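Structural features, examined
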Amino acid sequence: MNKSLLIALLIVQVAVAQNQLLIPTTLSGKDINLTLQNGTHQFYSGTNTTTMGANGNILGPTLILKQGDFVNFKVNNQIADITTIHWHGLHVSPENDGGPHTTIAPNTTWSPSFTILDKAATYWYHPHLHEKTNEHVSKGIAGLIIVKDTEEAALNLPRTYGIDDFPLVIQTKDFDDNKEIVVPSNSDDVVMVNATIDAALTVREQVVRFRVLNGSSMRVFNLGLSGNQTFYQIASDGGLLSDNLPLTRLRLAPGERAEILVNFSGMNGQTVFLKSYASEFSNGIYGATNPGLNSMMTLEGYNPNPLNGSDFNIMQFNVDTATATPVTAIESPLVTVTPIPEVNSDVSRTITMSPVAMGRNQLNGNFLLNGVSFDSNVVNETVELNNTEIWTISNNSAIAHPFHIHDVQFYILDRDGNAPPPIEQGRKDVILVKAQETVRFIAKFDDFASTVPYMYHCHMLIHEDGGMMGQFVIENTLSVEENEFSNKLKVYPNPSNNTVHIAIEGSLNIDALEVYDQLGRKILDKKISFNDNLIQVEGLSKGIFFLKLNIENYIVTKK
Ligand code: C2O
Ligand code: CU
Ligand code: CU
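Being a predicted model, the structure only gives us computed values, none of them experimental. Residue numbers restart at each chain and count upward from 1, following the sequence in its written direction. In the order they appear in the text, chains get letters beginning with A and ligands get numbers beginning with 1. Reporting of local features is limited, given that this is a predicted model, to residues whose pLDDT is at least 70; pairs of side-chain atoms are given and counted only at 80 or more, and all residues count toward the totals for whole chains, interfaces and linings. With hydrogens and water excluded, all non-hydrogen atoms of the structure serve as input to the side-chain values.

Concerning the pattern of salt bridges
A side-chain nitrogen of Lys or Arg and a carboxyl oxygen of Asp or Glu constitute a salt bridge if their distance falls within 4 Å. Tallied over the full model, the rule gives 21 salt bridges. Of the charged contacts, one joins R211 and D165 as a salt bridge, the two residues approaching to 2.8 Å between their closest N and O atoms. Of this pair, R211 sits in strand β16 (residues 207-214) while D165 is found in strand β12 (residues 165-173), placing the two residues 46 residues apart along the sequence. The pair R211 / D165 is uniform in exposure class, with both members buried. Only DSSP runs of H or I reaching four residues or more are called helices, and only runs of E reaching two or more are called strands; each is numbered from the N terminus. Partly exposed residues are those whose accessible area sits between 20% and 50% of the maximum for their type, while under 20% is buried and over 50% is exposed, using a 1.4 Å probe and protein chains only.

Digging into the sheet that holds strand β14 (residues 196-197)
The sheet built from 7 strands is open, its strands ordered β14-β13-β12-β16-β21-β18-β19 with mixed pairing. Each edge of the sheet is formed by a strand with only one pairing partner; in this case those strands are β14 and β19 (239-247). A strand pair is defined by DSSP finding two or more bridges across the two strands. When β12 meets strand β13 (residues 190-193), the two strands line up antiparallel, connected through 4 bridges. Opposite I170, over in β13, you have V193 as the bridge partner.

Observations concerning empty space enclosed by the protein
Grid spacing is 1 Å over the protein atoms alone, the probe is 1.4 Å, and a cavity is where that probe fits but cannot get out, while a pocket is an open set with protein on both sides within 12 Å along at least five of seven lines and lining residues have an atom within 4 Å of a point. Grid points are joined across faces, edges and corners, and a volume is the space filled by probe spheres set on the points. Inspection of the entire model under this criterion finds 2 cavities of 30 Å³ or more. Size it by volume and the largest cavity reaches roughly 100 Å³. S138, T172, K173, S185 and S217 are, among the 14 residues lining the largest cavity, the residues nearest its centre. Put simply, the parts of the chain that give the lining of the largest cavity at least two residues each are α2 (133-138) and β12. In terms of residue class, the lining of the largest cavity is built from 5 nonpolar, 6 polar and 3 charged. For the second largest cavity, the calculated volume is near 40 Å³. In this structure, the second largest cavity is lined by L168, F210, V212, L223, I260, V262, L274 and F317. Within the residue set of the lining of the second largest cavity, elements represented by two or more residues are β16 and β21 (257-263). As a working rule, the residues Ala, Val, Leu, Ile, Met, Phe, Trp, Tyr, Cys and Pro are called nonpolar, Asp, Glu, Lys and Arg charged, and the rest polar, with Gly in that last group.

Overview of the confidence of the model for the chain
Predictor confidence is given residue by residue as pLDDT, running from a minimum of 0 to a maximum of 100. On average, the chain scores 90 in pLDDT, and the residues at 70 or more come to 82%. Between residues 1-15, whose pLDDT stays under 50, and residues either more than four places distant or in other chains, the model counts 2 contacts. Residue contacts follow a heavy-atom distance rule, with two residues in contact if any of their heavy atoms lie within 4.5 Å.

Notes on the coordination of the copper ion (ligand 3)
Those donors, H401 (ND1), C458 (SG) and H463 (ND1), are the protein atoms that reach the copper ion (ligand 3), and they lie 2.0 to 2.2 Å from it. On the primary sequence, the residues serving as donors to the copper ion (ligand 3) are separated as H-x56-C-x4-H. Each member of the pair, C458 together with H463, is buried. Coordinating donors are taken to be N, O and S atoms lying within 2.8 Å of the metal, or within 3.2 Å when the metal is Na, K or Ca; because water is excluded from the atom set, some sites may appear incomplete.

Topic: the coordination of the copper ion (ligand 2)
Taken together, the protein donors to the copper ion (ligand 2) comprise H86 (NE2) and H404 (NE2), at separations of 1.9 Å. Here H86, found in strand β7 (residues 86-88), pairs with H404, found in strand β28 (residues 401-405); they are 318 residues apart in sequence, far enough to count as distant. Taken individually, H86 and H404 each receive the classification buried, so the pair is uniform in this respect.

Quick look at the environment of A105
In this fold, A105 is placed in the loop between β7 and β8 (109-110). Considered as a pair, A105 and T84 are 21 residues apart in the sequence and their alpha carbons are 8.7 Å apart.

Quick look at the side chain of Q409
Inspection of the secondary structure assignment puts Q409 in the loop between β28 and β29 (411-415). Classification of Q409 as buried rests on a relative accessible area of 9%. Reaching out from Q409, the side chain makes a polar contact with the backbone oxygen of G89 at a distance of 3.2 Å. Within polar-contact distance, the side chain of Q409 engages the backbone nitrogen of G238 at 3.4 Å. A 3.5 Å cut-off defines polar contacts: any pair of N or O atoms within that distance qualifies, except that in protein one atom must be a possible hydrogen donor and the other a possible acceptor, and neighbouring residues in sequence count only when both atoms are side-chain atoms.

A few points about the environment of N33
Residue position: N33 is located in strand β3 (residues 31-44). Take N33: its relative accessible area is 45%, and that puts it in the partly exposed class. Excluding anything up to four places from it in sequence, N33 contacts L27, N55 and K74.

Things to note about the sheet that holds strand β25 (residues 367-369)
In space, the 5 strands of this open sheet follow the order β25-β24-β27-β31-β29, with mixed pairing throughout. This sheet does not close on itself; its edge strands, each paired only once, are β25 and β29. Along the sheet, successive strands turn relative to each other by an average axial angle of 20 degrees, direction set aside. For strand β24 (residues 347-355) and strand β27 (residues 388-395), the ladder comprises 7 bridges, and the chain directions are parallel. The residue bridging T350 from the neighbouring strand is T392, located in β27. Each axis is a line fitted through C-alpha atoms, taken for helices only over the stretch in contact, and angles between the N-to-C directions span 0 to 180 degrees.

Quick word on the nonpolar core
Among the buried residues, those of types Ala, Val, Leu, Ile, Met, Phe, Trp, Tyr and Cys that are joined through side-chain atoms within 4.5 Å form a nonpolar core. Of all hydrophobic cores here, the largest spans 43 residues; its most connected members are F210, F264 and F317. The element best represented in this core is strand β23 (residues 311-320), accounting for 5 residues. Counting 35 residues, the second-largest nonpolar core is a separate cluster that includes M353, L385, V408 and F472.

Looking at unusual backbone geometry
Note that the residue after V183, namely P184, is joined by a cis bond; omega there is 0 degrees. If you trace the backbone, P184 turns up in the loop between β12 and β13. Of note, the bond from S332 into P333 is cis; its omega dihedral lies within 30 degrees of zero at -10 degrees. As for its position among the elements, P333 is in the loop between β23 and β24. In this structure, D407 takes a positive phi of about 80 degrees despite not being glycine. What makes D407 buried here is its relative accessible area of 3%. Here D416, not a glycine, exhibits a phi torsion of approximately 50 degrees, which is positive.

And the structure:
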C-alpha cells in the first residue's frame, strides 16, 4: 500500500460524523400534557424529514411518574389523523389503556387519569390505532415512561437523568432518496438512538445507567459492548431484578426494555461502542441473515441490508472525568422478585401463531393468532377478574414473533419446557417466541374489569397492523362482597383431572356446595368430602364445572 493512500484512509476514518445524542426532555408530576404534532427533523444535517412527535418534532418527552400518584393526562391530537396513545406496560384500566378502541379524533383531547400502580422500571408510550400503529410510531411518536418507587429509591443506583441515567430508544428506519421515512418497510438499514444517527454520548468515568428500549418496527437486536465488555442488567420490562446480572449479550425484541449498568471507571479518554452482534443470530429472526427458519424463505425488501446477520455499531460512548458524587459500584442485591407459583393458576389458554399461508412465501403474508385475524368486533378471550392464568404461546411459523399483552406483567414459566434463562426471570410484558417454539407464562388479571377490551399482539408492527392481534375482556361476575369471599377461595388444580380441591383462607361458614356442569345440571352424585378448610370433589368427568358455594348468605360461583 503506498503512503498517500494510507493517509486518505485515515482521513475517512476520522471523518465519520458523530452526532451528539439527543436526550428527550422530561415531564413529571401529576399533570402530564402531551400534544401530538406533525413536524420535521434533521436525521441528516441540512435535510428536513417529515416526522411526528409529542411536544416536539420527533419522539416525545420522557415521563417520570411516581408509584402511588394519581396522574391526570391530557393528550391533544394535532396530527390531522385519528390515533391513540397506549401506555405500554402500565397496569391501567382498559378505558385508560389507549388501545385501538380509545381513539383520539384530530383536534380533540383525550384525558385519562389513573393511579400509577407499577413497580419502578422503564415503560413507554406510543400510538396504537389499528392499521396505523406502524406509521405513527415509525414517523416518530414514542416516548419513555420512568416509574419510580421507594424500593428503587433505597438502592445505590445512578438516577440523575441526563447525567448518569440515560434513555436509549433504539430504532431502525428506512429512508427514501428524499430522506423521507418509508413505512411499512423491511429495508430498515438506518440505525438510530433517540432519533440520532451515528450518535455519540459523553459519559463519566463511573457507573452509568441506561434505559434501553427497542422501539423498532421489526428488528431484533443482540446488544453488546465493544471488546465484549461486561454490563449488568438490573431491570426487565416491568421491574427490577432480584440481583444484577452480568452479561455480554442482551437480545432485545421490538417493545422490550432493559435497564443496564455500565462501569466506565478507569476508562477516561476511551471510546466504547454499543453494538448489535447480529451475526450471532441463527436463521428465523428478523435481524439474522435469513429472517425465515428455512433459508429459501425470503422477505420482500429484506436483503441486501448491511444490518442483517452482521455486527454493527449502534452508538458510541466517549468517557470523560467523573462527576462530583459518582456511583462507583454495581449494586447488589436489588429487590425481592416473587414469581407467581404455577399451582395458583385458575385457567390455561393457548395462543397459536401461524402464517395466513403456510409454505415458502409465508414471510410476505400476514400472520394469525389462533387461526384468525384481528376483528375489532370480536372478543377473542374472556378472562374472569382476579384469575391467575397460564398462557401458552406456540409459534407455528418460520419467524420469531415478540408476543405482547396489555394490562399485566407476566412471569415466564418455560421455553419448550426448559426454565427461562436468568435474563427472562423478571417481570415481562413482551416475550420473543422463536420459530416453532412454545413459551408459557403466568399472570394475574386483577384490579380492572370492563367491557372495553385489552389487546395482545405481535409487537412487530407490520404483523400487528396486518392483523396479528387479538383482544380480551375481563369480566367481573361478582358483587363487591362476593369478590371478597372469592379471594379467600383457591380452587386447584384448575383445570383438574377429576378431583378438585377448594381451599379456604381464614374462617368462612360454608352452608352448601353445589356443582353444576356446563348445561346447568346439578351434579350432586359426586363424592364431596369436607375436611377442615379443604373441600374435595372427586369423580368429575371431562368438562367445565361451576362450583356454587353458599357462604354466609353469599353465593360464589367459580369455574
Ligand atoms: Cu406496545 Cu399493544 O403495545
Ligand atoms: Cu402494550
Ligand atoms: Cu410477528
